[in-house]
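# Fold and geometry: a report
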Amino acid sequence: MIRNSNFTKIEKVLCAIGCSGYIHRDFKAIKNGAEQNGFIHIGNPVLPGFRRIDEPGTIISIILKLEDGQTAFGDCVDVIFTGIAGRDKIFNAENYIDYVIKEISPKLVGRQLNNFRDLAYEFDNLYNENKKIHTAIRYGVTQALLHAVSLSLNCTMAEVISSEYKTNIVDKLIPILASCQRDDSMQLDRMILKKVDLLPHASFTDINKHTGLKGEKLINYAKRIVNRIKEIGDKEYKPKIHLDVHGTLGDLFKMDFDLMSDYLGELQKATFPYDLLIESPIIAKSQQEQILGFKKLKELLNKKGFEVSLIADEWCNTFDDIKLFTDEEVADYIQVKAPDLGGINNTIEALLYCKKNGMKVYLGGTGNETDQSSRITSHIALACNPDFLLSKPGFGGDEGIMILHNEMSRTLTILSETRQ
């Protein structure tokens, strides 16, 4: 319930450089065989804007000082594997802070905060040198605007979205996918003890080290997860197994979808009796190849009776991309990867489009995000009801789940009290 009609305005804009929840990685350099040394990779970066293959992520916090004394903020941030598959190049805060201060801030000052949707549309469609401004900037500015409008209206961010987009706020927590480190067995144990809804996400980017030259390492990994769930989990605990393979299956099987589907059938057997979700089995060279490849793989899995759900991520970045993938029924799930869409208004629209058209959808993002962008994501989830959420920021598991779970729980408690 919106509880204030005396709208305030933005009085001043401040900008602060900060840390992201993880790092940037040059995906092309890694795919080209860069040698790993501990956490980092040795060699020169390949993608534009990278100074090294692995480098700490930075963010710009957009801080809005309101006339009534309140403060709203949002964080400009991009994904870990930035600069590939149609994404904007790497976002380094120091390269964009002056532009944000000089060009974006003046456009925000004096704006009345009574409608998020119109403001978000405007700032999501700003151009610089005949190109939309960086997705990270649009992401952070629109977060700050949603937060500011909710403060102006004296309501939660979920209520603003519900009111403006005509949705019903759910009355329960949205399931969360625990984003775990691939080789951290103690972290996996904690996620099992906490009964997370889906796990472990992990990250499989190297055929030799992660997947195996015959796919054996990935299958053995899946078996270890299943065995550990059975060993220490409660009897009634039945999580879904989610594995993000970052296109390694396409590389391993050289885009032979018949072989790939048989392999996924074996992987399904390894994860039985738990449902199996595979994200990004392939990363093709173009969007059209990605669509055709996913459809072929999905068709073969269905024909052979293998119950494996495919999730589309790469080449499915913008709202238009998501509409295309949904209309073409490319996958079983679409990941709406919030930072890739720029303005969070696009994230909202994409989630609602998927649900309206019968596509399962998960509200994702990146470990590279922040506490604030993650909290705002939880409000979007409550208002738009995706099938599940990706835990973020970082890959600690515990911290991301805590932030999302607690923000949803607090919000639902507030809403429950106001309805009485």
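Residues numbered from 1 in each chain as written. Predicted model: local features only at pLDDT ≥ 70, side-chain atom pairs only at ≥ 80, totals over all residues. Heavy atoms only, no water.

As annotated in an unreviewed UniProt entry, the protein chain is methylaspartate ammonia-lyase from Gigaspora margarita. Entered under Pathway (unreviewed entry) in the UniProt record, the comment concerning the protein chain runs "Amino-acid degradation; L-glutamate degradation via mesaconate pathway; acetate and pyruvate from L-glutamate: step 2/4." The Cofactor (unreviewed entry) comment attached to the protein chain in UniProt states, word for word, "Mg(2+)". (UniProt positions renumbered as here; feature names shortened; annotations may be inferred.)

Looking now at the UniProt feature "domain: Methylaspartate ammonia-lyase C-terminal" (unreviewed entry) in the protein chain. Annotation from UniProt places "domain: Methylaspartate ammonia-lyase C-terminal" (unreviewed entry) at residues 169–415. Helix makes up 50% of residues 169–415 and strand 13%, with an end-to-end C-alpha separation of 9 Å. (Helix = DSSP H or I, 4+ residues; strand = E, 2+ residues; numbered from the N terminus.)

Looking at the element boundaries, Thr 271 is found in helix H10 (residues 257–271). C-alpha of Thr 271 to C-alpha of Ile 219: the two residues are 52 residues apart in sequence and 8.5 Å apart in space. Aside from chain neighbours lying at most four places away, what touches Thr 271 is Ala 222, Val 226, Ile 241 and Leu 276. A distance of 3.0 Å separates the side chain of Thr 271 from the backbone oxygen of Gln 268, its partner in a polar contact. (Contact = heavy atoms within 4.5 Å. Polar contact = N/O pair within 3.5 Å; in protein donor to acceptor, adjacent residues only side chain to side chain.)

Another aspect to go through is the sheet that holds strand E1 (residues 10–25). In spatial order, the strands read E1-E4-E5; together these 3 strands make up an open sheet with antiparallel pairing. The open sheet terminates on both sides in strands that have one partner only, identified here as E1 and strand E5 (71–76). Strand-to-strand twist in this sheet, taken as the mean axis angle between neighbours without regard to direction, amounts to 20 degrees. With 12 bridges connecting them, E1 and strand E4 (residues 54–66) associate as antiparallel partners. Looking at the pairing, Ile 10 lines up with Leu 66 of E4. (Pairing = 2+ DSSP bridges. Axes fitted to C-alpha atoms, helices over the stretch in contact; angles between N-to-C directions.)

A separate point is H10. Helix length check: H10 (15 residues) gives 21 Å between terminal C-alpha atoms against 21 Å at 1.5 Å per residue, within 8%. When H10 is considered as a whole, its buried residues turn out to be Phe 257, Met 260, Ser 261, Tyr 263, Leu 264, Gly 265, Leu 267, Gln 268, Ala 270 and Thr 271. At its buried positions, H10 is contacted by helix H8 (216–232), strand E10 (240–244), helix H9 (248–252), strand E11 (276–279), helix H11 (287–304) and strand E12 (308–312). Sitting at the head of H10, Asp 256 places a side-chain oxygen 3.1 Å from the backbone nitrogen of Asp 258. (Expected span 1.5 Å × (residues − 1). Buried < 20%, exposed > 50% of the residue type's maximum accessible area, 1.4 Å probe, protein only.)

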